[in-house]
Every structure is written in C-alpha cells, then in structure tokens.
Amino acid sequence: MAKKQTTPQEREPRMWLFKSEPDVFSFQDLLKAPKKRTGWDGVRNYQARNFLRDDCKLGDLVLYWHSNAEPPHAAGIAKIVREGHPDPTQFERGHDHEDPGSDPSDPRWMQVEIEAVKAFPRPVTIDMLRADKRSAGMLLLAKGQRLSIQPLAAAHYELVLELAGLT
DNA sequence: GCCAACGTTGGC
DNA sequence: GCCAACGTTGGC
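Reading the values: rules and limits
Residues numbered from 1 in each chain as written. Chains lettered and ligands numbered in written order. Predicted model: local features only at pLDDT ≥ 70, side-chain atom pairs only at ≥ 80, totals over all residues. Heavy atoms only, no water. Phe/Tyr/Trp six-rings, centres within 6.5 Å; stacked < 30°, edge-to-face > 60°. Helix = DSSP H or I, 4+ residues; strand = E, 2+ residues; numbered from the N terminus. Buried < 20%, exposed > 50% of the residue type's maximum accessible area, 1.4 Å probe, protein only. Salt bridge = Lys/Arg side-chain N within 4 Å of Asp/Glu carboxyl O. Near = heavy atom within 4 Å. Polar contact = N/O pair within 3.5 Å; in protein donor to acceptor, adjacent residues only side chain to side chain. Nonpolar A, V, L, I, M, F, W, Y, C, P; charged D, E, K, R; others polar. Pairing = 2+ DSSP bridges. Axes fitted to C-alpha atoms, helices over the stretch in contact; angles between N-to-C directions. Contact = heavy atoms within 4.5 Å.

S.K.: Quick one: what's the story with the packing of aromatic side chains, residue by residue and with numbers?
M.R.: The description of two aromatic rings rests on the distance between their centres and on the angle between their planes. With the rule as written, the count across this model stands at five aromatic pairs. Summarising the aromatic geometry, the rings of Tyr-46 and Trp-109 are spaced 4.7 Å apart at their centres and angled 35° between planes, so their arrangement reads as tilted. One end of the pair, Tyr-46, is in helix 2 (residues 46-55); the other, Trp-109, is in the loop between strand 4 (73-86) and strand 5 (110-125), with 63 residues separating them in the sequence. Judged by relative accessible area, Trp-109 falls into the buried class, the value being 5%.

S.K.: Explain the pattern of salt bridges to me, and be specific about the residues and the numbers.
M.R.: In this structure the tally under the stated criterion is seven salt bridges. For Asp-87, the salt bridge goes to Arg-44, with nearest N and O atoms at 2.9 Å. Here Asp-87 is found in the loop between strand 4 and strand 5, whereas its partner Arg-44 is found in the loop between strand 2 (37-39) and helix 2, with 43 residues between them in sequence. Here Glu-162 makes a salt bridge to Arg-134, at a shortest N to O gap of 3.0 Å. One end of the pair, Glu-162, is in helix 4 (residues 154-163); the other, Arg-134, is in the loop between helix 3 (126-130) and strand 6 (149-152), with 28 residues separating them in the sequence. Classification of Glu-162 as partly exposed rests on a relative accessible area of 37%. According to the relative accessible area criterion, Arg-134 is partly exposed, its value standing at 44%. Connected through shared salt-bridge partners, Asp-132, Arg-134 and Glu-162 make up one network.

S.K.: Break down the protein's contact with DNA strand B for me, citing the residues and quoting the values.
M.R.: Neighbouring residues of DNA strand B: Lys-19, Trp-65, Ser-67, Asn-68, Pro-72, Ile-126, Arg-130 and Arg-146. Near-protein atoms of DNA strand B (within 4 Å) split between backbone and bases, with sugar and phosphate holding 65%. Between DNA strand B and the protein, one listed contact pairs a phosphate oxygen with a side-chain N or O atom of Trp-65 at 3.4 Å. Here a phosphate oxygen of DNA strand B and a backbone polar atom of Asn-68 are 3.1 Å apart. Its residues assigned to classes, the surface near DNA strand B comprises three nonpolar, two polar and three charged.

S.K.: Outline the protein's contact with DNA strand C, supporting the account with residue identities and numerical values.
M.R.: Around DNA strand C, the neighbouring residues are Asn-45, Tyr-46, Lys-143, Gly-144 and Arg-146. Considering the 4 Å shell around the protein, atoms of DNA strand C inside it are sugar or phosphate in 71% of instances. Within the side chain of Lys-143, one N or O atom sits 2.8 Å away from a phosphate oxygen of DNA strand C. Within the side chain of Arg-146, a nitrogen or oxygen atom sits 2.7 Å from a base oxygen of DNA strand C.

S.K.: Go over the sheet that holds strand 4, please, and point to the residues and values.
M.R.: Strand order in this open sheet of six strands is 2-5-4-3-1-6, and the pairing throughout is mixed. Strand pairing shows two members of the sheet lacking a second neighbour, strand 2 and strand 6, which therefore form its edges. Taking the axes of each pair of neighbouring strands and ignoring which way they run, one obtains an average angle of 35° across the sheet. Relative to strand 5, strand 4 runs antiparallel, the two being bridged by 10 bridges. Following the sheet pairing, Ile-80 is matched in strand 5 by Ile-114. Each of strand 1 (15-20), strand 4, strand 5 and strand 6 is contacted by helix 2, which is oriented at about 105° to strand 5, the strand it contacts most. The sheet contacts of helix 4 involve strand 1, strand 3 (61-66), strand 4, strand 5 and strand 6, and relative to strand 5 the element is tilted by about 45°.

The following block contains the structure:
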C-alpha cells in the first residue's frame, strides 16, 4: 500500500487551565524539571480525569494557575506533549495519591505530560482578572468552582496573555 | 436511589 | 486558619 501524503487529522489547539499549588509544584519547578516537563499526576476528580483522558490533545496550551497562593495567579504557559495515559501514582504503595481501588488492567486515573513554554513577565492575579470585564464567563472565577482542569476559551487565554504583558 | 456525614478545595 | 461550596461515601 502506497504511503499516503495526507496530513494527520488536526484541529485548532485548545486552551486549558491547570491548577497547582506552588508549594507543591510551581511553574518554576516545571522550568527546572528535566526537559521542562512533568507528568500531571494526582488528579482525583472524575470530571477533570475525563478532560485529561479524552480532550487534552498534543499541542494544546495550558495556562498554569497557582492556587492557594498569595495572591492566586497565572504564572505561565505550558503545552501538552503527551496525551492521556495512566497516572502511575495511583499504583504506588503508600503514595499520597495511591488508589487501592484502581485496577491496573483498567486504570481509574489518567495524566498527561506538559512542557513549560513561557513564564509570564508579570503574574496575572485573580484581582486583575476580576477587574477586567472581558473575564466574564471564566470558569475559574465562578463561585464555588474547584475543578482543577478547566477548558479555557481562546478569548480568555488571549486576555491573560495581554494582562501578563505578552502582547 | 436518597441523603447525611465526611473529606477536599481554594479564596479569603 | 476559617469556612463555603462541592464531591464522594455508605447506611438504609
């Protein structure tokens, strides 16, 4: 069979917001990691898991949010470099994120791998976002919203870049 | 399938 | 450290 010259099926990159507590793993930690990459392990919420498993695709962009920070802020941009695959920590004895109920032949929890793209010249705080009307509709700002993996509208992504001084 | 109790998240 | 909001668990 002759080689096909067709390009792989592509779609426009999507944007996501990933939350991380900087005391646990910060954007600076990601920059210092080998190849500036890390497996995004430890997600233990089904809705977030589904995004990681089904919807985060190679080349998608990730807004890296520092939660539980003073003040909470966006710290930089990363990208998806490996799509959903089993999170190894669910099977590690004694690990904080071990899940004894997860069957190795049908793993319950997934991760993706991300790579740092760019640190923001200045962080974009939650107050900066709230002060800009264009942030209307951002899931992040919704009352009671705790989801750690969130889809992010392109317009909101662009807004954050602007506030970060990158445009 | 209901729902009270419990655990977690994350801004404040 | 507080606590509102939310997700999960488990008895019934």
